[in-house]
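Here are the chains, one letter per residue:
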Amino acid sequence: MTDPAAALDDKPPVGEADVAAGLAEVRAAMQRAAQDSERDPASVHLVAVSKTVPADGILPALEAGHRLFGENYIQESVNKWPALKERFPDTELHFVGPLQSNKAREAVALFDVIHSLDRLSLAAALAKEIDRSGRTPKLLIQVNTGDETQKAGVAPDQVETLLAECRETHGLAIQGLMCIPPAEDPPSPHFALLARLSREHGLPILSMGMSADYAAAIQMGATHVRVGTAIFGRRAKRG
Ligand SMILES: *Cc1c(COP(=O)(O)O)cnc(C)c1O
């Protein structure tokens, strides 16, 4: 078996990678991972994370029929996606990056799913925009499964409180959980923890797994994997 992390080091940079081939490879590996764990491959969705990829680098994925994309930065998304969505109106956009409350308006206007709700002040800002605009993106709570001080996400033992406050104080329905395991840890225990929390709280969407570990995430029950590098190529350092 090839080591997926080593294969990623060999990926050409964004702009030079063969996007359609990368997509096909990831889809095939997702299918194998689903079948290995006796899951229906149709129950696992591929969020193609196109942060830092310019519009003309995303087009090959759209032309290959892919319609589910993830972004990390609001301003970049506002610059790229309205024109692309005009050409491909059935595109579904997921916001997976850290979200500032003062960007809630743009986020609610453009995105169909927001993966990074992690505090009550952001819940309040989102609730206000949802009321005002009538748009209702699905919302996931980001969980800091490694309890890393510098990382976004709510601590695992605070999920229940935040869920209750979102529902009771703001009338927000929460659909799922998301995590980004610490880079230096084996990811599976983090995926297992997130899966357990989602079961305990009856949340159907489980967003976990990136280029290096999406197969493991699928084995642990991911419904959405977020894959960038393996599709679009290596990013310059920022993201
Ligand atoms: C960048 C990013 C991804 C994709 O990471 P790759 O390793 O390039 O697949 C997934 N999720 C989040 C939250 C990200 O910021």
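Now for a description of the structure that goes with this document. Fair warning: this is a prediction, and the values are worked out from it, not measured in the lab. (Residues numbered from 1 in each chain as written. Predicted model: local features only at pLDDT ≥ 70, side-chain atom pairs only at ≥ 80, totals over all residues. Heavy atoms only, no water.)

### With respect to the site of the ligand
Next up, step 1: Close to the ligand lie Val 49, Lys 51, Asn 72, Val 96, Ile 180, Met 210, Ser 211, Arg 226, Val 227, Gly 228, Thr 229 and Arg 235.
Next up, step 2: At 2.9 Å from an oxygen atom of the ligand is found a side-chain nitrogen or oxygen belonging to Asn 72.
Next up, step 3: Within the side chain of Thr 229, an N or O atom sits 2.5 Å from an oxygen atom of the ligand.
Next up, step 4: Protein contact buries 90% of the 390 Å² of open area that the ligand shows by itself.
Next up, step 5: For the shell around the ligand, a count of residues per class yields 5 nonpolar, 4 polar and 3 charged. (Near = heavy atom within 4 Å. Polar contact = N/O pair within 3.5 Å; in protein donor to acceptor, adjacent residues only side chain to side chain. Areas by Shrake-Rupley, 256 points an atom, 1.4 Å probe, with all protein chains shown as cover. Nonpolar A, V, L, I, M, F, W, Y, C, P; charged D, E, K, R; others polar.)

### Topic: the nonpolar core
Next up, step 1: Grouped together as the largest cluster of nonpolar side chains are 66 residues, with contacts concentrated most on Phe 69, Leu 117, Leu 126, Ile 141, Val 225 and Ile 231.
Next up, step 2: A total of 7 residues in this core trace back to one element, the largest contributor, which is helix α2 (residues 19-36).
Next up, step 3: Shared between two domains, this core takes at least three residues from each, and those domains are domain 1 (1-95 + 209-239) and domain 2 (99-207).
Next up, step 4: Among all residues touching Leu 117, those that are not within four sequence positions of it are Leu 122, Ala 123, Leu 126, Leu 139, Leu 140, Ile 141, Gln 142, Leu 162, Cys 166 and Ile 174. (Core = buried A, V, L, I, M, F, W, Y, C linked by side-chain atoms within 4.5 Å. Buried < 20%, exposed > 50% of the residue type's maximum accessible area, 1.4 Å probe, protein only. Helix = DSSP H or I, 4+ residues; strand = E, 2+ residues; numbered from the N terminus. Domains from an automatic or database assignment. Contact = heavy atoms within 4.5 Å.)

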